[in-house]
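Here's the letter readout for the chains.
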Amino acid sequence: MRARDCSCFVSILAAMAAIPAAARAHDVMVDGSPAEWSSRTVPTNVALVVRTIDPTGELVWSDAAGDTRTDLSAPGPELAADLQRFAVTSSASGLHFLVVLGPRPIGGDPAQVQIAIDLDRTSGSGEANLGGFADTTVPADAEWEFLVQTQHTGGAPSVRVLSTAFAQVGTGTIAQAATGAMEISIPWAALSRTGPPAVMRLTVATFREDASNGNTRAVGDPSISNALDALTNYGGPGRAGNTWDDVMDGDVDHHVDVFFDTTSGEVIAPLLVARIAPNTAGSAEPDEWFAIHNQTASGLSLEGVKVGDEETIRPGAGAEGMLAFPAGAMIAAGDTIVIARRAMVFAMSFGASPDYELEASDPAVPELTPYLAWFTGTPGQAGLGNGGDEILIVDARDTIVDVVTWGTSSALGVTALDPAPAEGQVAIRGPATRDTDNADADFSALVGACDRAEPASCGGCYECAALFTCEVRAAGTACPDEDLCDGEETCDATGNCLAAAMPLDCDDANPCTADSCDAATGCANDPVAAGTACADDDLCDGAETCDAAGACATGTPVDCSDDDPCTEDVCTAATGACTNPPAAAGTSCADEDVCDGAETCDASGACADATPLDCEDANPCTTNACDAATGCTSEPVAAGVACDDGNGCTTGDACDAEGMCVGTPDDTCDAGPLDAATDEDAAVTDDAAVGTDAGRRDGGAADGGGPADGDDDGCDCRAAGARGRRDGTAAIALLAAIGLVVAMRRRRG
């Protein structure tokens, strides 16, 4: 489609272009026999791309017999140079030619064949002059990079390859039969290649050869071309003429372009007819159309390319048509374009415009114009008949690159598609690059045409594809019938709707629903009557029953408890039976009385007694008890109860209201002189409760007091214990003693 319309075609065209062309190597046995070459009939002075069912490919040229130079005084010997048929193919090993010449007169000069090979097809790039002093050139748009030249020096034919400097850069293999058939094979290395190119341009001419030196024989001064025959159509298809008509200006004006499969080397058609839709809406409003596909990896110019249904070249006549694309027309690599008879009618039928039209109806769509060198007529003459017809694609040099026939047509030896497409049907080439000159094999399907605005119009396992055709959906696509219960039908790869492997499964695995299937709506799962059993596999969780909403309600679980903390309570799911094995030793089995200790289970499952709590706190000012719920308690005794605070320097020890034993400091504690023998204050009586003299002045080791430094004067009473004594009592007593000592020293002084 035009640039504005082609975005929606990308996916299908990419898929088509991705399918490789099936091809095999066309190696040639160079023995001079044309038996392995195509024998198809080809119109005179026209090239035809021939494909076979193998498939193999050749470009074949049928040259008019006896059209060698008639301007020469002695034409007899030139019969040996009469070019009658030329063919080219290639393989992975090299480039192969078949050249069929007229018979060589006895004793006459041998014919020399020169084939100019233009690999870049760039005007002005290469060499224009042919070799062997041929006095003949090629036009600028066919200037060559390599020249193949046959020679007969030494008596036997040979072939060499020349560079643009006319230096020999390689040789080939050649064999020539007495019938005039010559086979030539050139290895790719001789052309500085490792394999076939995508395309090359060839110019072919024949000469008389001087076998003594291998050069061409002149037929006059250097201003006169000495080419005797050439591959030419004399300026247009179907024209008759004489070689002098072409070379009188010194040029061989005609050449052919040959496209190759770069893997196998087979000759291929660069453009193929991809779709045929003849007379799809009837004769009253013809909206017939067809599509062509570029199977090369490069964009191609369509300028000068022709399409039509006139298989017989009839300049000035013809009942059918051949039309040319306008200047500047292009087709992208791997692209497919649509040509309709009338764009306006086509758009109304298919919801979009074609790329080109044969008859003017829509100013926005480019129109093809009659190619009058092929026929004389009007655009409407290129109508596609349903009963039998053909479409030809002809390149800018008038090579017939593709022919498709159907019904009763047998044009150019191509096997027709049978049955022919009926009104409303489209024939599809599939895959897009299959080309065997057998339309019945190359076109894989007859499908319906469809409106792209209504993608579902094809129905079933077909969908309206980019090129206005009902094409097969992807395998596995759903194609449901009216009965949802019989399962999900799916499409196979050929457009058939396959029955489902199994019916619809409506089981929802819920015992509280009744499962059913309705053909129109599918599965239904309605609740059963409430109270229906829906027991699971676990008898321990109780007897489940369905509720009114269709849910399975839980039952009452089995109670296996034996109220014994030293046993495990176990229920077996399969039987619902209870067992009570011993709990692990050490498991707590404490009773409600914390005073008798923390009981634990033994290994036999019995609860063993524990050691009771000991609540005695050794405080004479508290009463100790134990509460079964909370454990040990300690309450203060009545204030004033006598007690011993363990301090010899206090008197009147008694319990206070807070349960503390408190004494009053003893004022009679006097620090007298120390006895030298005992280091004690002799004036202080020993307190049996203290255990030694409470008046040790230094509070040494004997009474457990302060540091034994011997320098502390006064009464240093030892506290026998902290229990029952208020904080600060000892300090007060110490200060009193220190004051007493100071006073005594003052009196002594």
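Residues numbered from 1 in each chain as written. Predicted model: local features only at pLDDT ≥ 70, side-chain atom pairs only at ≥ 80, totals over all residues. Heavy atoms only, no water.

A.B. asks: So what's going on with the side chain of Arg 201? Which residues, and what values?
C.D. replies: Here Arg 201 is to be found in strand S11 (residues 199–210). Residue Arg 201 is classed as buried on the basis of its relative accessible area of 12%. Within the structure, the side chain of Arg 201 is placed 2.6 Å from the backbone oxygen of Asp 141, a separation counted as a polar contact. Ignoring sequence-local partners within four residues, the contact set of Arg 201 consists of Ala 116, Ile 117, Asp 118, Arg 121, Asp 141, Ala 142, His 255, Val 256 and Asp 257. (Helix = DSSP H or I, 4+ residues; strand = E, 2+ residues; numbered from the N terminus. Buried < 20%, exposed > 50% of the residue type's maximum accessible area, 1.4 Å probe, protein only. Polar contact = N/O pair within 3.5 Å; in protein donor to acceptor, adjacent residues only side chain to side chain. Contact = heavy atoms within 4.5 Å.)

A.B. asks: Before we move on, can you summarise the state of the cysteines with the specific residues and values?
C.D. replies: Applying the stated criterion across every chain yields a total of 14 disulfides. Bridging Cys 534 to Cys 552, the disulfide has an S-S length of 2.0 Å. Because the sign of the S-S torsion sets the handedness, a value of about 95 degrees for the bond joining Cys 534 and Cys 552 places this disulfide among the right-handed ones. Of this pair, Cys 534 sits in the loop between strand S34 (522–527) and strand S35 (545–546) while Cys 552 sits in strand S36 (residues 552–553), and the two are 18 residues apart along the sequence. The class for Cys 534 is buried, based on a relative accessible area of 5%. Sulfur-sulfur distance for the disulfide between Cys 643 and Cys 661 comes to 2.0 Å. Classification of the bridge connecting Cys 643 and Cys 661 rests on its S-S torsion, roughly 105 degrees, and on that basis the disulfide is right-handed. Of the two residues, Cys 643 sits in the loop between strand S42 (631–636) and strand S43 (650–655) while Cys 661 sits in strand S44 (residues 661–665), which places them 18 residues apart along the sequence. (Disulfide = S-S within 2.5 Å.)

A.B. asks: Outline the pairing of strand S9 (residues 173–176), listing residues and values.
C.D. replies: As a general feature of sheets, a regular strand has side chains that alternate between the two faces. As judged from the 4 bridges shared by S9 and strand S10 (residues 181–187), these two strands associate in the antiparallel manner. Across the sheet, residue Gln 176 finds its bridge partner in S10, namely Met 182. In textbook terms, the turn of a hairpin is the stretch between consecutive antiparallel strands, and for S9 and S10 this stretch comprises 4 residues, one of which, Gly 180, has a positive phi near 105 degrees. (Pairing = 2+ DSSP bridges.)

A.B. asks: Tell me about the pairing of strand S17 (residues 289–294), residues and numbers included.
C.D. replies: For S17, the buried fraction is high: 6 of the 6 residues fall into the buried class. By the alternation rule, side chains of S17 split into Trp 289, Ala 291 and His 293 and Phe 290, Ile 292 and Asn 294, which are all buried. When strand S16 (residues 271–277) meets S17, the two strands line up antiparallel, connected through 6 bridges. Each residue of the ladder has a partner; that of Arg 275, found in S17, is Ala 291.

A.B. asks: Kindly report on the pattern of salt bridges, identifying the contributing residues and their values.
C.D. replies: Opposite charge on two side chains makes pairing possible when the charged atoms of those side chains draw close. As enumerated under the stated definition, the model contains 15 salt bridges in all. Residue Arg 121 is joined to Asp 257 by a salt bridge in which the shortest nitrogen-to-oxygen separation is 3.2 Å. Separated by 136 residues along the polypeptide, Arg 121 in the loop between strand S5 (111–118) and strand S6 (146–151) and Asp 257 in strand S14 (residues 256–260) bring together distant segments of the chain. Between Glu 288 and Arg 341 there is a salt bridge; the shortest N-O distance is 3.2 Å. Here Arg 341 lies in strand S22 (residues 336–342) and Glu 288 lies in the loop between S16 and S17, a separation of 53 residues in the sequence. Taking relative accessible area as the criterion, Glu 288 reaches 3% and is therefore assigned buried. In this structure Arg 341 comes out as buried when scored by relative accessible area, which is 16%. Salt bridges sharing partners connect three or more residues here, namely Arg 51, Asp 402, Arg 429, Asp 435 and Asp 442. (Salt bridge = Lys/Arg side-chain N within 4 Å of Asp/Glu carboxyl O.)

A.B. asks: Can you break down the sheet that holds S17 residue by residue, with the values?
C.D. replies: Spatial ordering of the open sheet is given by S23-S22-S17-S16-S27-S28, a layout of 6 strands whose pairing is mixed. Across the chains shown, the open sheet's two edge strands, defined by having one partner strand only, are strand S23 (356–359) and strand S28 (443–448). Each adjacent strand pair in this sheet contributes to an overall mean axis angle of 25 degrees, direction not counted. Examined bridge by bridge, S22 and S23 share 3 bridges and lie parallel to one another. Counterpart to Arg 342 in the pairing with S23 is Glu 359. (Axes fitted to C-alpha atoms, helices over the stretch in contact; angles between N-to-C directions.)

A.B. asks: Before we move on, could you go through the confidence of the model for the protein and cite the residues and values that matter?
C.D. replies: Looking at the protein, pLDDT values average 83 and 81% of them are 70 or higher. By mean pLDDT, helix H1 (residues 10–17) is the weakest element of the protein at 35, and S6 is the strongest at 98. This stretch, residues 1–25, has a pLDDT under 50; its non-local contacts, to residues over four places away or in other chains, come to 57 contacts. When the criterion is pLDDT under 50, residues 686–749 qualifies, and its contacts beyond four places in sequence or with other chains add up to 110 contacts. (pLDDT = per-residue confidence, 0-100.)

A.B. asks: So what's going on with the packing of aromatic side chains? Residues and values would help.
C.D. replies: Applying the stated criterion across every chain, the model contains 9 aromatic pairs. Judged by centre distance (4.6 Å) and plane angle (50 degrees), the ring pair of Phe 346 and Phe 350 falls under tilted. Of this pair, Phe 346 and Phe 350 are both found in helix H3 (residues 343–350), 4 residues apart, which corresponds to roughly one turn of the helix. Side by side, Phe 346 and Phe 350 carry an identical accessibility label, which is buried. Arranged with centres 4.8 Å apart and planes meeting at 90 degrees, the rings of Phe 346 and Phe 468 form a pair that is edge-to-face. (Phe/Tyr/Trp six-rings, centres within 6.5 Å; stacked < 30°, edge-to-face > 60°.)

A.B. asks: Summarise the environment of Val 169; cite the residues concerned and give the values.
C.D. replies: Structurally, Val 169 is set in strand S8 (residues 168–171). Here the alpha-carbon distance between Val 169 and Ala 190, two residues 21 residues apart in the chain, equals 6.2 Å. Apart from the residues lying within four places of it in its own chain, the contact partners of Val 169 are Phe 146, Val 161, Leu 162, Ser 163 and Ala 190.

A.B. asks: I'd like to hear about H3, residue by residue, with values.
C.D. replies: All buried positions along H3 are accounted for by Ala 343, Val 345, Phe 346 and Phe 350. All buried residues of H3 lie within an arc of 160 degrees about the axis, which places them on one face of the element. Looking one or two residues past H3, Gly 351 carries a phi angle of roughly 80 degrees, positive in sign. (Arc of directions from axis to C-beta.)

A.B. asks: Describe in detail a negative patch on the surface, supporting the description with residues and values.
C.D. replies: On the surface, Asp 559, Asp 562, Asp 563, Asp 564, Glu 568 and Asp 569 cluster together into a negatively charged patch. In this structure, Asp 559 sits in the loop between S36 and strand S37 (570–571). Relative accessible area serves as the criterion here: at 64%, Asp 559 is assigned to the exposed category. (Patch = residues over 30% accessible without salt bridge, like charges linked within 9 Å, V, L, I, M, F, W, Y side chains within 5 Å. Areas by Shrake-Rupley, 256 points an atom, 1.4 Å probe, with all protein chains shown as cover. Lys, Arg positive; Asp, Glu negative; His and termini not counted. Charge placed at Lys NZ, Arg CZ, Asp CG, Glu CD.)

A.B. asks: Give me the environment of Ala 189: which residues, what numbers.
C.D. replies: Within the secondary structure, Ala 189 sits in the loop between S10 and S11. Residues Ala 189 and Thr 171, 18 residues apart in the sequence, show an inter-C-alpha distance of 9.7 Å.

A.B. asks: Quick one: what's the story with the side chain of Thr 216, residue by residue and with numbers?
C.D. replies: Relative to the assigned elements, Thr 216 resides in strand S12 (residues 215–216). Residue Thr 216 is classed as buried on the basis of its relative accessible area, which comes to 9%. A polar contact is formed between the side chain of Thr 216 and the backbone oxygen of Phe 133, at a distance of 3.1 Å. Among the polar contacts made by the side chain of Thr 216, one reaches the side chain of Asn 226 at a distance of 2.9 Å.

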